[in-house]
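Architecture and fold: a report
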Amino acid sequence: MKIKISLKEAIILSIYIVFLAPNILEYCIPYFHYISIAIRILGVLVGVMCFFFTKTHSRAIYILIVYIIYIGFVTLLSNGSIIQWFSIYANIIGIAMLTEYLIQNRIDHFIIKIGRLLRGGVVLNLVSLLLFPNGLMQIKTAVLFRKDLFQLVPFWVFDSDNRFITWFVPTIALVSIADMKKNTKKTLLVTVMATFSLIYTWSAGAMSVFLLFLILYMFFLETKFIKRINIRVVLIGYIFVWGYLILFEGYRIFQPFIVDVLHKNMTLSGRTIVWQRANDYILHNLVLGTGVLDTNVISDMIGLSHCHSHLLHTIFIGGIIGLVIYLFFWFSVVGPLYRKWDQCEARILGLLFICVLVADLVDFLEFSGIYILYMICSNYQYVDNYINEVTNESITSN
C-alpha cells in the first residue's frame with residue numbers, strides 16, 4: 001500500500017513522535033527538555049483542535065477528559081501542584097487525542113509509520129542492552145525512603161528497565177495489526193525481543209507479564225479458552241483481585257514465587273511499605289483524594305513519587321470518585337474489543353490490555369505509550385475497517 005502524506009499530516013506525525021521521545025534524550029541533547037516541553041504544549045493544542053474538528057469520538061476519550069479535569073479540580077481544591085498535574089496529564093491527553101485523530105483519519109500512517117518507528121526502537125534498545133549492559137548512561141535517582149541517598153540507575157534507548165513495558169506494549173499492538181493474520185512472524189519476533197530484553201535486565205514484574213503474553217500468544221490465541229473469554233468480566237474480576245492483593249495484603253500467599261523464583265523480598269522492593277503508607281492517607285481523603293502533589297511532598301508522605309500500584313494511586317489522588325471515573329474509562333476501552341472478540345487482532349489487543357492490568361497491580365503505568373494501546377482498543381471499529389480494506393485490496397490485486 002502506497003502512502004501519500006500532506007504537510008499537515010507530517011506536522012502531526014512529527015509532534016506525535018516528540019510525545020514518544022524517551023527521557024534519555026533530555027540527558028543527551030542540550031536544551032532538549034525545554035524544546036520537548038514547548039512541542040508537547042503545541043501538541044496538546046493541536047490535539048484539542050483535532051478533537052473539535054473530528055466528527056465522532058470514542059466514549060473513552062470523553063471519560064478520560066472528565067477524569068483529568070476532575071483530578072485538576074481536586075488538585076486546586078487541596079492546594080496541590082497544578083504544574084505537576086499539567087506535566088503528567090498534558091502528555092496523556094495530547095497523545096490520546098492525536099492517536100484517536102490518526103486512527104480515525106489516517107490510520108495507514110499510524111499503523112505503518114509509527115509502528116515501524118517503535119519496532120526499530122525495540123531493536124535499538126536490545127542492541128544497546130547487549131553492547132552496554134551497564135546502560136548507555138547512569139542517572140542519579142533518590143533511594144526509596146532516603147532522599148539524602150542516591151543510586152545510579154542505568155538507562156538505555158527506552159529508558160530504565162522498569163519502563164520498557166510502556167514502549168513494548170504499543171509496539172506489539174501496532175505490529176500485530178499490520179500483520180493482519182497473513183504473517184505473524186513480525187509480531188512473534190518483536191514479542192520475543194521484548195521478553196528477552198526484560199529477562200536480560202531481570203525486570204521481574206514486567207518480565208513475568210510478557211512471558212505470560214508470549215505463552216498465551218504462541219499457544220492459546222486460537223484456542224476455545226481464549227475465544228470464550230469475556231474481557232469485561234476479566235476486568236471486573238481484576239478489580240476484586242486488586243482489592244484483595246493490595247488493600248488486604250493478599251500478596252503474602254505468593255511468598256514462595258516472590259522469594260524463590262523472582263528473588264525479591266516480601267516488601268517487593270519496598271512497594272508494600274509504600275502501599276501501607278498510602279492506605280493511611282487514603283482513609284483521610286477517601287471521597288475526593290489528595291489531588292496531584294509536588295514530587296517532594298508525596299515522597300515525604302509515602303516514600304516515593306507514586307503509590308506503585310495504578311488503582312491505588314488513582315484512589316490516592318482522586319478518591320472514590322476518581323477511581324469510579326477511571327474504571328468507567330477502562331470499561332469503555334475494552335467495550336469495542338468485546339464486540340469483535342472473534343477476531344484475532346482484537347484478542348491480541350485484549351491480551352495486551354490484560355498484561356497491562358497485571359503490571360499495574362504493582363506499578364503505576366501512567367505513560368503515553370500505554371494510552372496508545374487504550375486509544376487503539378477504544379477505536380477498534382476503525383482498526384477493523386482498515387483490516388478489511390487492506391485484505392480486500394490484497395484479494396483484488398491477486
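Everything here concerns the structure above.
Residues numbered from 1 in each chain as written. Predicted model: local features only at pLDDT ≥ 70, side-chain atom pairs only at ≥ 80, totals over all residues. Heavy atoms only, no water.

Attention now goes to the overall build of the protein chain. On a plain count of helices and strands, the protein chain comes out with 18 helices and two strands. For 398 residues, the compact-globule estimate of 2.2 N^0.38 gives 21 Å, and the protein chain sits close to it at 21 Å. For the protein chain, the spread of C-alpha atoms along the three principal axes comes to 65 × 45 × 45 Å. The buried share of the protein chain, taken over its 398 residues, is 54%. Long-range contacts, defined here as pairs at least 24 residues apart, represent 75% of the contacts in the protein chain between residues at least 6 apart. Roughly 18600 Å² of accessible area belongs to the protein chain as shown, and the carbon and sulfur atoms make up 66% of that amount. With 29 positive and 22 negative side-chain charges, the protein chain shows a separation of 7 Å between the mean positions of the two kinds. (Helix = DSSP H or I, 4+ residues; strand = E, 2+ residues; numbered from the N terminus. Rg over C-alpha atoms; globule rule 2.2 N^0.38 Å. Buried < 20%, exposed > 50% of the residue type's maximum accessible area, 1.4 Å probe, protein only. Contact = heavy atoms within 4.5 Å. Areas by Shrake-Rupley, 256 points an atom, 1.4 Å probe, with all protein chains shown as cover. Lys, Arg positive; Asp, Glu negative; His and termini not counted. Charge placed at Lys NZ, Arg CZ, Asp CG, Glu CD.)

Mapping T187 onto the fold places it in helix 8 (residues 185–201). Relative accessible area serves as the criterion here: at 2%, T187 is assigned to the buried category. Each residue touching T187, except ones within four places of it in the same chain, is listed here: I172, V175, S176, D179 and Y217.

A full pass over the atoms with the stated rule returns 21 aromatic pairs. Ring geometry for F51 and F52: centres 5.5 Å apart, planes at 85°, overall edge-to-face. With a centroid separation of 6.2 Å and an interplanar angle of 85°, the aromatic rings of W330 and F353 are classed as edge-to-face. On the criterion of sequence distance, the pair formed by W330 in helix 15 (residues 310–339) and F353 in helix 16 (residues 344–360) is long-range, its members being 23 residues apart. In this structure, W330 and F353 share a single accessibility class: buried. One aromatic cluster is present, built from ring pairs that chain together Y67, Y89, Y238, Y326, F329, W330, F353, Y371 and Y374. It is R232 that lies over the ring of Y338; its NZ or CZ is 3.6 Å from the centre. (Phe/Tyr/Trp six-rings, centres within 6.5 Å; stacked < 30°, edge-to-face > 60°. Lys NZ or Arg CZ within 6 Å of the ring centre and 35° of its normal.)

On to helix 5 (residues 82–105), then. The end-to-end C-alpha distance of helix 5 is 33 Å, a good match for the 34 Å that 24 residues give at a rise of 1.5 Å each. Its axis deflected by about 30° at Y89, helix 5 carries its strongest bend there. Across the 24 residues of helix 5, 17 count as buried, placing the element largely inside the fold. (Expected span 1.5 Å × (residues − 1). Bend = angle between axes of the 7 residues up to and from the residue.)

Relative to the 24 Å expected for 17 residues at 1.5 Å per residue, helix 9 (residues 204–220) spans 23 Å between its end C-alpha atoms, a close match to the ideal helical length. Those residues of helix 9 that sit buried are A204, A206, M207, V209, F210, F213, L214, L216 and Y217. Those residues of helix 9 hidden inside the fold are in contact with helix 7 (165–179), helix 8, helix 10 (224–227) and helix 16.

This paragraph deals with a nonpolar patch on the surface. Residues F73, L77, L286, V287, L288, I320, I321, V324 and F328 make up a contiguous nonpolar surface patch of about 790 Å² in total accessible area. Breaking the nonpolar patch down by element, the ones donating at least two residues are helix 4 (59–77) and helix 15. In terms of residues, the nonpolar patch owes the most to one element, helix 15, which gives four residues. Inspection of the secondary structure puts L288 in the loop between helix 13 (271–284) and helix 14 (295–302). (Patch = residues over 30% accessible without salt bridge, like charges linked within 9 Å, V, L, I, M, F, W, Y side chains within 5 Å. Salt bridge = Lys/Arg side-chain N within 4 Å of Asp/Glu carboxyl O.)

Let us now look at the pattern of salt bridges. Following the criterion strictly, the structure yields five salt bridges and no others. In this structure, the salt-bridge partner of D363 is R163, at a minimum N-O distance of 3.6 Å. Here D363 is found in the loop between helix 16 and helix 17 (368–378), whereas its partner R163 is found in the loop between strand 2 (146–155) and helix 7, with 200 residues between them in sequence. Overall, D363 belongs to the buried group, its relative accessible area being 8%. One network of salt bridges, in which partners are shared, links E222, K227 and R347.

A separate point is the nonpolar core. Residues F110, F316, F329, W330, Y374 and I376 are the most contacted members of the largest nonpolar core, which totals 126 residues. Counting residues per element, this core draws most heavily on helix 15, at 14 residues. For W330, the residues in contact, after removing those within four places along its chain, are L235, Y238, L311, F353, L357, D360 and Y374. (Core = buried A, V, L, I, M, F, W, Y, C linked by side-chain atoms within 4.5 Å.)

Running from N to C, helix 7 and helix 8 cross one another at 165°; their axes reach a closest spacing of 8 Å. Regarding the angle of helix 7 to helix 8, the classification is roughly antiparallel. The chirality of how helix 7 crosses helix 8 is left-handed. Two secondary-structure elements touch here, helix 7 through F168, T171, I172, V175, S176 and D179 and helix 8 through K185, K186, T187, V190, T191, A194, S197 and L198. (Axes fitted to C-alpha atoms, helices over the stretch in contact; angles between N-to-C directions. Parallel < 35°, antiparallel > 145°, perpendicular 65-115°, else oblique. Left-handed = near helix turned anticlockwise from the far one by under 90°.)

Looking now at the packing of helix 4 against helix 5. Contact pair helix 4 / helix 5: the axes reach a minimum separation of 11 Å and the direction vectors enclose 170°. Between helix 4 and helix 5, the crossing angle belongs to the class labelled roughly antiparallel. Residue-level inspection shows I61, L64, I65, Y67, I68, I71, G72, T75 and L76 of helix 4 in contact with helix 5, the latter providing I82, W85, Y89, I92, I93, A96, M97 and E100.

Everything listed is a geometric property; what it means functionally is a separate question.
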